[in-house]
Amino acid sequence: MNVVLVYWMAGLLGAGGIGAFASRHAELRRRWLTRTAAIAAVLVVASALGTTGGALLGAGCAAVCALEYGRLVRLPSPDRLVLVAGATAVPLVALFAPGMPGRLAVGAVLVAALPALLAQDARGGGRRAGAVLFGLLWLAPFAGLVLLGPAAVPLAVAVGVADVAAWCGGRLLRGPGLSRLSPAKTWGGVVGSAVGGLATLAALGHLSWPLAVAVVVGAPLGDLVESMVKRTAAVKDAGSWLPGFGGLLDRVDSLLAVLAIALMLS
C-alpha cells in the first residue's frame, strides 16, 4: 500500500479526532469514530485484495445502498430484488469483464421494467420501472472502484476529505446558498470541498485533470442528487444504522458522482 496514503490518512484522522473530542460535541465524535472505522476497513481490504477488494467493496456498498434507495422510493419487493441484484452485479462484472458494464446499461431499461411487466401493472408500472432504472444507473459507478485501478482508493480518500472540507468551508466562508434542494449547502462549502479534495489528490500523487474535475464538480453534485431524492421521498436520511451519518447512501452520495465523472473522463 502507498505509505504516503497511510501517513496522510493517519494525520487527517488524528487531527480530526483531536478536534472532534475537543469540541465536546457527541455527534462529531460519533462521526469521527464511524469515519475512522470505515477508512480503516477500506484500506485493509484494498491492501490485502487489491482490485478484487475494490470489487467486493463496490458490490457490498451497492447492495446496501440499493436496499436504502428501495425503501426511500417505496419500491415493491420484486423491484427491490431486481435493483439489489443488478447493482451488486455491476462491480463484480467489472472485475472479470471490464468492458461489460457499459454494455449492460443498454439492457438496463428492460431489466428495470421486468417486475412491473410481470405484474402487469398498468397503473404504476412506469413509475416503478423509472425508479429502478434510476437506482441502477445511480449505483453503477461503484464499478469505478475496479475500473479506475490504483487511482480508486486515493480518489475515494479525496472525496472523504472534500466532504469534511465542505463542512468547514461552509462554516467559515458561508456565502450564498448552493441550491434549494439542500439549503444548508453554500458556495463557501463548494470552495472548501474543492480545496480539500485537490490538496489530497496532490499529496497522494494522483492529481490529474480528469480526477480534479471529478472531485471539484462531482462532490457537490452528488450531494445534491441525493438531496433531491430524499426531498421527493420527504425523509431526512436514507437510513439510521450508521452512527452520526444516517445511512450508507448518505455517506457515499458524493463518491458516486465523482466516480461517474472520473470514469467518463479517464
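This one's a predicted model, so the numbers in the text were calculated from it and none came from an experiment. (Residues numbered from 1 in each chain as written. Predicted model: local features only at pLDDT ≥ 70, side-chain atom pairs only at ≥ 80, totals over all residues. Heavy atoms only, no water.)

Section: the overall build of the protein chain
Under the convention used in this document: In this text, helices come from DSSP runs of H or I with a minimum length of four residues, and strands from runs of E with a minimum of two, each type numbered from the N-terminal end. Radius of gyration here uses only the C-alpha atoms, and the compact-globule reference equals 2.2 Å multiplied by the residue count raised to the power 0.38. A simple rule labels every residue: compare its accessible area, found with a 1.4 Å probe on the protein chains alone, to the largest value its type can have, and call it buried under 20%, exposed over 50%, or partly exposed in between.
Helix and strand content of the protein chain: 12 helices and two strands. What you see in the protein chain, going N to C, is helices and strands ordered as α-α-α-α-α-α-α-α-α-β-β-α-α-α. The globule rule puts the C-alpha radius of gyration for 266 residues at 18 Å, and the 18 Å found for the protein chain is close to it. The principal-axis extent of the C-alpha atoms belonging to the protein chain is close to 55 × 40 × 30 Å. Counting across all 266 residues of the protein chain, residues that qualify as buried make up 44%.

Things to note about the packing of aromatic side chains
This is how it is decided: When two rings of Phe, Tyr or Trp (its six-membered ring) have centres within 6.5 Å they constitute a pair, described as stacked for plane angles under 30 degrees, edge-to-face for angles over 60, and tilted for the intermediate range.
According to the stated counting rule, one finds three aromatic pairs in the structure shown. Ring centres 5.5 Å apart and planes at 45° place the aromatic pair F134 and W138 in the tilted group. Taken together, the positions of F134 and W138, both in helix 7 (residues 125-139) and four residues apart, correspond to about one turn of that helix. For W138, a relative accessible area of 10% gives the class buried. Grouped by ring-pair contacts, the aromatic residues Y69, F134 and W138 constitute a single cluster.

Re the layout of surface pockets
Condition: A cavity here means a set of points on a 1 Å grid, drawn over the protein atoms and nothing else, where a 1.4 Å probe fits but cannot get out; a pocket is an open set with protein on both sides within 12 Å along at least five of seven lines, and a residue lines either one if it has an atom within 4 Å of a point. Grid points are joined across faces, edges and corners, and a volume is the space filled by probe spheres set on the points. In this classification, Asp, Glu, Lys and Arg are treated as charged, Ala, Val, Leu, Ile, Met, Phe, Trp, Tyr, Cys and Pro as nonpolar, and every other residue, Gly included, as polar.
The calculated volume of the second largest pocket comes to roughly 440 Å³. In terms of lining residues, the second largest pocket is bounded by 20 residues, among which V90, P101, L104, A105 and A140 are the most central. The set of elements that each furnish at least two residues to the lining of the second largest pocket consists of helix 4 (77-96), helix 5 (100-104), helix 6 (108-118) and helix 7. By residue number, the principal contributor to the lining of the second largest pocket is helix 4, which donates five residues. Per-class residue counts for the lining of the second largest pocket are 17 nonpolar, three polar and no charged.

Focus: the environment of A41
With respect to the helices and strands, the residue A41 is situated in helix 2 (residues 26-49). A41 sits 16 residues away from L57 along the chain, and the two C-alpha atoms are 9.7 Å apart.

A word on unusual backbone geometry
Here the phi dihedral of R74 falls at roughly 60°; this positive angle occurs in a residue that is not glycine. Secondary-structure assignment places R74 in the loop between helix 3 (51-72) and helix 4. Overall, the relative accessible area of 55% leaves R74 in the exposed class. A positive phi angle, close to 55°, is found at Q120, a residue other than glycine. Along the chain, the position of Q120 falls in the loop between helix 6 and helix 7. The class of Q120 is exposed, set by a relative accessible area of 70%.

Some words on the environment of D79
Heads up, the rule is: Any two residues whose heavy atoms approach within 4.5 Å at even a single point are treated as in contact.
Mapped onto the fold, D79 is located in helix 4. We classify D79 as buried; its relative accessible area is 0%. Setting aside anything within four residues of it in sequence, one finds D79 in contact with P115, A116, R128 and V132.

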